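Overview (structure and organization)
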Amino acid sequence: MSYLKGKRCALAAAVCLSGSAAQAQLAQNLSVDLRSLSLGNAVTADPPGVNAIHFNPAGLTKINGLQLDVQLLMADFSIESEFSAPKGFNVFGYSDDPVVCDDAENDGERLCSNFRIGRSSVKGVGLYLPILDKFVKLPPGPIAAPTAGIAYKPPGSRFTFATAAYAPMIAGLYRSPDDPGTFMGKEVALERITYLSPSVAYKLTDDLSVGLSVGMSYQAITLNTDFRGPNELIGVFRLLDEDVCAPFKGNANIVTDLLLFGICNAEESLGPFKKLAALDVSMQQTLSPTYNLGVLWEPNDSFAWGAVYQSGSNMRLKGKYKITYEKGARELINNGLQSSITGQILGAILGLPTYMPAKEEGLMSMNLTYPAHFQTGIKYKVIPPLQINFDIGWTDYGAWDAFKFEFDRQLAVLQIARLLVPGTTPTTLNFPLGFSSPWSWGVGIEYSHTNRLKFRLGYEPRKSAIPLNKRNALAPINDAQMFGTGIGYKFDRDTDLDLTLMHLRSRDDIPANSSSLLNNTGVNNLVYNPFAGLDVKTRAVVNIMGLVYRTRW
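Considering the overall build of the protein chain
- Looking only at helices and strands, one finds 8 helices and 22 strands in the protein chain.
- Since a compact globule built from 553 residues should have a radius of gyration of about 24 Å, the 27 Å found for the protein chain is in line with a globular shape.
- Projected onto the principal axes, the alpha-carbon positions of the protein chain cover approximately 95 × 45 × 35 Å.
- Looking at the protein chain residue by residue over its 553 residues, the buried ones come to 54%.

Here is the structure:
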């Protein structure tokens, strides 16, 4: 049964990695351009300077001469979760879950007499540094990051050339070691950094432009997490250890070994609320190319229409994994089942290992699709000083129908998993996700108070791509709302400053037994449910402030 736990570890890794990828939706377009945030990212028809490379490369034709854009982005965020026990909460008759139980641990009672609200929060921001092959924890509090881009339009030419460095999506966090949220990610990072984006735009006519940019990006996923298994089968082992084996501890004989398969010889056993293992995974790809193709039509000064297609990218992420097993699992196999003839026979019938090491490590890989995105929108000047932008967009998160993890060698855990998870082989694990491809919209308002001073407001409601029955606490990204505001000031003919404030919030309420990736109970909750039977509430808040400096020569 320890390999049943190993199988849970592999499945739980898939769940947490899927949650990491799901963070992409929450982080999408939050770290690309500050002016766009202030307009609810509704800028397809009103592209933002050099960063039109990302939002609509056709907008680069609006640049004259040589232009440099530099922005400093400062971000602060919090992710919080609350866990509570509903009436009748128990896992195989046990309710002393330390996440929600205030009783003393190991007090000999299986039922909790004093429930409390368990809380989890993110301690700080973290980043994975490929050069060091290391997850770096940044000090708690706001972080700052610069980006830059440059564009050039030769005098009298219809062509504009540009490149920029930016992050289409980036998110990383870490929690305190004693935080209950460590069972859904102790250290997590998802990074996609475009380090080079050669672009060209061409003005076909006075009112019609097209553009193309090619992004060369680095992609990485890293995860360090603890695991536990609030499962009915794990509860059986606690029952056997505490109620059946207790009289025979230290007094086992050949009869008890034969009848109880030697499990009473283990110094420690499993429990539904015990930590079972820890997993450390990191995967990356140094070059992941994509392209953005855009069109911009401006028949007059009052109206414009734009559209952009951002291609997807099929990646082959490669990296390494390490699983560290807790004492209970090793004792059950090494000093339990293997100490009895009947235990050895049972293990052979079930295909269990004859020895459980303290850790397993090796190489792994997976195919991951960076989702394609389409967006189109208009800008319209209702009156000369007042402009309204409106965009609709679609992101192909449906490409994440399933994740397939491949390991460098045959694993017995996967030989068992293939009996329970369709598509699994001794060296691969197929994990179904069933994400959808939602449409979303955004609106922005810009008011030109004078020729130098502009005020901006933006709103973007973000539709979740995660099915309701697969929500989790790693990335609380159910439907979110983004609010932006900003000021633009023109110092002189060649210099602009943009100041932006952005606030994003997302809340979710996940009742017990409503998510198969979080809190389902029963024998069949083998796909990772670390908070089985608990009600879970999540809250995510992201605040961004930043300054953009644009200058031309």
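Digging into the state of the cysteines
- Across all of its chains, the model carries 2 disulfides by this definition.
- Two residues, Cys101 and Cys112, share a disulfide whose sulfurs are 2.2 Å apart. Here the disulfide of Cys101 and Cys112 is right-handed, its torsion about the S-S bond being about 100°. Pair noted here: Cys101 is in the loop between β1 (65-84) and β2 (118-121) and Cys112 is in the loop between β1 and β2, with a separation of 11 residues, a long-range link.
- By relative accessible area, which is 11% here, Cys112 ends up buried.
- There is a disulfide in this structure between Cys245 and Cys264, and the S-S distance comes to 2.0 Å. Between Cys245 and Cys264 the sulfur-sulfur dihedral comes to about -75°; the bridge is accordingly left-handed.

Section: the pairing of strand β15 (residues 386-395)
- Only one face of β15 is covered, namely the face carrying Gln387, Asn389, Asp391, Gly393 and Thr395; the face carrying Leu386, Ile388, Phe390, Ile392 and Trp394 is uncovered.
- Sheet analysis places strand β14 (residues 373-383) next to β15, joined by 10 bridges and oriented antiparallel. Bridge assignment links Tyr380 to a residue of β15, and that residue is Ile388.
- Hairpin remark: β14 followed by β15, antiparallel, with 2 residues in the connecting loop.
- Note: β15 against strand β18 (residues 439-448), 9 bridges, orientation antiparallel. Bridge pairing in β18 places Trp394 opposite Trp439.

Notes on the layout of surface pockets
- Within this model, the largest pocket holds a volume of roughly 1100 Å³.
- Forming the boundary of the largest pocket are 34 residues, of which Arg35, Asp46, Lys62, Lys454 and Asp496 lie nearest the centre.
- At the level of elements, β14, β18, β19 (453-462), β20 (480-492), β21 (495-510) and β22 (535-552) are the ones that each hand at least two residues to the lining of the largest pocket.

Focus: empty space enclosed by the protein
- Across all of its chains, the model carries 11 cavities of 30 Å³ or more by this definition.
- Roughly 230 Å³ of internal volume is contained in the largest cavity.
- For the largest cavity, the lining is made up of 20 residues, of which Gln28, His373, Thr395, Ser440 and Glu460 are closest to its centre.
- Where the lining of the largest cavity is concerned, the elements lending two or more residues are β14, β15, β18 and β19.
- Per-element accounting of the lining of the largest cavity gives the leading share, 5 residues, to β15.

Quick look at the nonpolar core
- Core analysis: the largest hydrophobic core is formed by 56 residues, its most contacted members being Leu368, Phe405 and Phe531.
- Among the elements of the structure, β9 (208-228), α4 (232-244), β10 (275-297), β12 (313-325), α6 (327-336), β13 (359-370) and β16 (402-407) are those that each provide at least two residues to this core.
- Counting 14 residues, the second largest nonpolar core, distinct from the first, contains Ile53, Leu60, Ala162 and Ala164.

What about the packing of aromatic side chains?
- According to the stated counting rule, one finds 14 aromatic pairs in the structure shown.
- Residues Trp441 and Tyr459 carry aromatic rings whose centres are separated by 5.8 Å and whose planes lie at 70° to one another, so their mutual orientation is edge-to-face. Taken together, the residues Trp441 in strand β18 and Tyr459 in strand β19 connect sequence positions 18 residues apart.
- Chaining the aromatic ring pairs together yields one cluster made of Phe390, Trp441, Tyr459 and Phe483.
- Sitting over the ring of Tyr370, Arg192 keeps its end group 3.9 Å from the ring centre.

Details of unusual backbone geometry
- Backbone geometry at Phe261 places phi at a positive 60°, although glycine is not the residue there.
- In this structure, Phe261 sits in the loop between α5 (254-259) and β10.
- When its relative accessible area of 33% is taken as the criterion, Phe261 is described as partly exposed.
- Although it is not a glycine, Asn513 sits at a positive phi angle of roughly 65°.

Cut-off values and rules
- Residues numbered from 1 in each chain as written.
- Predicted model: local features only at pLDDT ≥ 70, side-chain atom pairs only at ≥ 80, totals over all residues.
- Heavy atoms only, no water.
- Helix = DSSP H or I, 4+ residues; strand = E, 2+ residues; numbered from the N terminus.
- Rg over C-alpha atoms; globule rule 2.2 N^0.38 Å.
- Buried < 20%, exposed > 50% of the residue type's maximum accessible area, 1.4 Å probe, protein only.
- Disulfide = S-S within 2.5 Å.
- Pairing = 2+ DSSP bridges.
- 1 Å grid on protein atoms, 1.4 Å probe; cavity = no way out; pocket = protein on both sides within 12 Å on 5 of 7 lines; lining within 4 Å.
- Points joined across faces, edges and corners; volume = space filled by probe spheres on them.
- Core = buried A, V, L, I, M, F, W, Y, C linked by side-chain atoms within 4.5 Å.
- Phe/Tyr/Trp six-rings, centres within 6.5 Å; stacked < 30°, edge-to-face > 60°.
- Lys NZ or Arg CZ within 6 Å of the ring centre and 35° of its normal.

In short, shape yes, function no, at least from these values alone.
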